[in-house]
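Observations on the model geometry
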Amino acid sequence: MLLEALRHALIRCPPPLKAMGVLYDLLALESRYRRCRAAWEPHLQQARDGMLDLLGSPTGGGCVAVLGSGLLLDIPLDELCRRFDRVVLVDLFHMPAVRRRCASLPGVELVETDLTGVMAHWGAVQSGQELPVPVPVLPQADAVISANILSQLSFRLAGHAFATGLWTPDALSRWECALKQAHVDALSRHQGGPAILLTDHTRILRSVVNGEDLTRSPLLSGVILPEAVCQRTWAWTIAPAPEESRRHDVVHQVCIGRVDAAPPPPVQDSGVAASVQTR
């Protein structure tokens, strides 16, 4: 914790993002990954393999944009560089380790932007004037990958809006749903190449005694996903005991698929049933 606090103080990050907790979340993610690496690796490999399978075999050249590239844990960056002339990594903030890794890779571009389009209007939220209409940001690219950010898009935004005391929980829940749905719909409108959505959708507390699910909570309540996204699913043990509790693991159900107009891929289910709304 002391090391994280020191790094939080030393890493150069735009003050508004620091204040919102963006850097804190990235540092916490790094730390959890170090503690839970063995439990995470099957999920990370499934994610990388899923992205590459759904991209197919490009004829060469072109550009792929990765939305929510984060710490690059689930991004098959080297292979993307081999398949595309340009790889655009998009996130609110890129950690120093990410910048160092990408510095030696020709064709990799780092873009820092708000994918929801609402942070530019944050003053209106803090003053109670309005909850901004989401205007999702998608870079121009031949292929687009949304890399497990959907369930987190509204997390910090809604938390800070709630802290103002100016918005009801119901209003914030509807707004969160609209933010996430706008992201999915923008991906669905992508033309010219694959638009891939990787997302977790259900949080499970699973007993370490008998393997039974103690609770199941939706992470995308009210969000409607294209049916093709749920063709390929698996379980991610995000917090194995005793990370959060000695009595249970925290498991997220994850799915991946193309959300553009392409035919759905063959079903590849690891035995975890999807529990999301589809259309």
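Look up: the structure comes first, before these words.
Now for a look at the structure at hand.

Describing the nonpolar core
Counting 45 residues, the largest nonpolar core has F93 and M95 as its most contacted members. Per element, the largest residue contribution to this core is 13 residues, and it comes from helix 3 (residues 22–55). Aside from chain neighbours lying at most four places away, what touches M95 is R7, I11, L23, L26, L27, E30 and L71. By size, the runner-up hydrophobic cluster in this structure holds 22 residues, among which are L153, C177, A195 and V259.

A word on the packing of aromatic side chains
As enumerated under the stated definition, the model contains 3 aromatic pairs in all. Look at Y33 and W40: their rings are 5.9 Å apart centre to centre, the planes differ by 50 degrees, and that puts the pair in the tilted class. Like W40, Y33 is buried. Joined through ring pairs, the aromatic side chains of Y33, W40 and W236 make up one cluster.

Things to note about the environment of L77
With respect to the secondary-structure elements, L77 resides in helix 4 (residues 77–83). Distance from L77 to A182, taken between C-alpha atoms, is 27 Å for residues 105 residues apart in sequence. Ignoring anything within four residues of it in the chain, the contact list for L77 reads L72, V87, L89, R101, C102, L105 and V108.

Thoughts on the packing of helix 7 (residues 155–163) against helix 8 (residues 169–188)
As a packed pair, helix 7 and helix 8 sit with axes 10 Å apart at the nearest point and diverge in direction by 160 degrees. If you check the angle between helix 7 and helix 8, you find them roughly antiparallel. Pair helix 7 / helix 8 crosses with right-handed handedness. Packed against helix 7, whose contacting residues are L157, A158, A161 and F162, the element helix 8 presents P169, L172, W175, E176 and L179 at the interface. A class-by-class count of the residues in the contact of helix 7 with helix 8 yields 8 nonpolar, no polar and 1 charged.

Some points on helix 3
Its 34 residues give helix 3 an end-to-end C-alpha distance of only 29 Å, which falls more than 12% under 50 Å, the value for a rise of 1.5 Å per residue. At R37, helix 3 shows its largest bend, some 90 degrees. Remark: G56 follows helix 3 within two positions and exhibits a positive phi of approximately 75 degrees.

Some thoughts on the environment of H94
Topologically, H94 is positioned in the loop between strand 2 (86–91) and helix 5 (96–103). Other than its neighbours up to four places away in sequence, H94 contacts S69, L89, R99, L110, V111 and E112. Of note is the side chain of H94, whose polar atom sits 3.0 Å from the backbone oxygen of V111.

With respect to the pattern of salt bridges
On inspection of all chains with the given rule, the structure shows 16 salt bridges. A salt bridge links D25 to R156; the shortest N-O distance between them is 2.7 Å. Separated by 131 residues along the polypeptide, D25 in helix 3 and R156 in helix 7 bring together distant segments of the chain. Note that E244 and R203 form a salt bridge whose closest N and O atoms lie 3.1 Å from each other. Linking E244 in the loop between strand 8 (232–239) and strand 9 (248–258) with R203 in strand 5 (residues 195–207), this pair joins segments that are 41 residues apart in sequence. The class for E244 is partly exposed, based on a relative accessible area of 39%.

Comments concerning the packing of helix 1 (residues 2–10) against helix 3
Relative to each other, helix 1 and helix 3 sit at 140 degrees, their axes nearing to 10 Å. The angle between the axes of helix 1 and helix 3 places the two elements in the oblique class. Crossing geometry of helix 1 relative to helix 3 is assigned as right-handed. For the pair helix 1 and helix 3, contact is made by E4, R7 and H8 and by L23, Y24, L27, A28, E30 and S31, respectively. When grouped by side-chain class, the residues that make up the contact of helix 1 with helix 3 number 4 nonpolar, 2 polar and 3 charged.

A word on the side chain of H190
Within the secondary structure layout, H190 lies in the loop between helix 8 and strand 5. Look at H190 and you get buried, because its relative accessible area is 14%. Among the polar contacts listed, one links the side chain of H190 to the backbone oxygen of D142, at a separation of 3.3 Å. Once residues within four sequence positions are removed from consideration, H190 is found in contact with A141, D142, A143, V144, A195 and D260.

Here's the deal with the state of the cysteines
Counted according to the given criterion, the structure contains 0 disulfides. Considering cysteine sulfurs only, C102 is the nearest to C13, which forms no disulfide, with 17 Å between them.

Parameters and conventions
- Residues numbered from 1 in each chain as written.
- Predicted model: local features only at pLDDT ≥ 70, side-chain atom pairs only at ≥ 80, totals over all residues.
- Heavy atoms only, no water.
- Core = buried A, V, L, I, M, F, W, Y, C linked by side-chain atoms within 4.5 Å.
- Buried < 20%, exposed > 50% of the residue type's maximum accessible area, 1.4 Å probe, protein only.
- Helix = DSSP H or I, 4+ residues; strand = E, 2+ residues; numbered from the N terminus.
- Contact = heavy atoms within 4.5 Å.
- Phe/Tyr/Trp six-rings, centres within 6.5 Å; stacked < 30°, edge-to-face > 60°.
- Axes fitted to C-alpha atoms, helices over the stretch in contact; angles between N-to-C directions.
- Parallel < 35°, antiparallel > 145°, perpendicular 65-115°, else oblique.
- Left-handed = near helix turned anticlockwise from the far one by under 90°.
- Nonpolar A, V, L, I, M, F, W, Y, C, P; charged D, E, K, R; others polar.
- Expected span 1.5 Å × (residues − 1).
- Bend = angle between axes of the 7 residues up to and from the residue.
- Polar contact = N/O pair within 3.5 Å; in protein donor to acceptor, adjacent residues only side chain to side chain.
- Salt bridge = Lys/Arg side-chain N within 4 Å of Asp/Glu carboxyl O.
- Disulfide = S-S within 2.5 Å.

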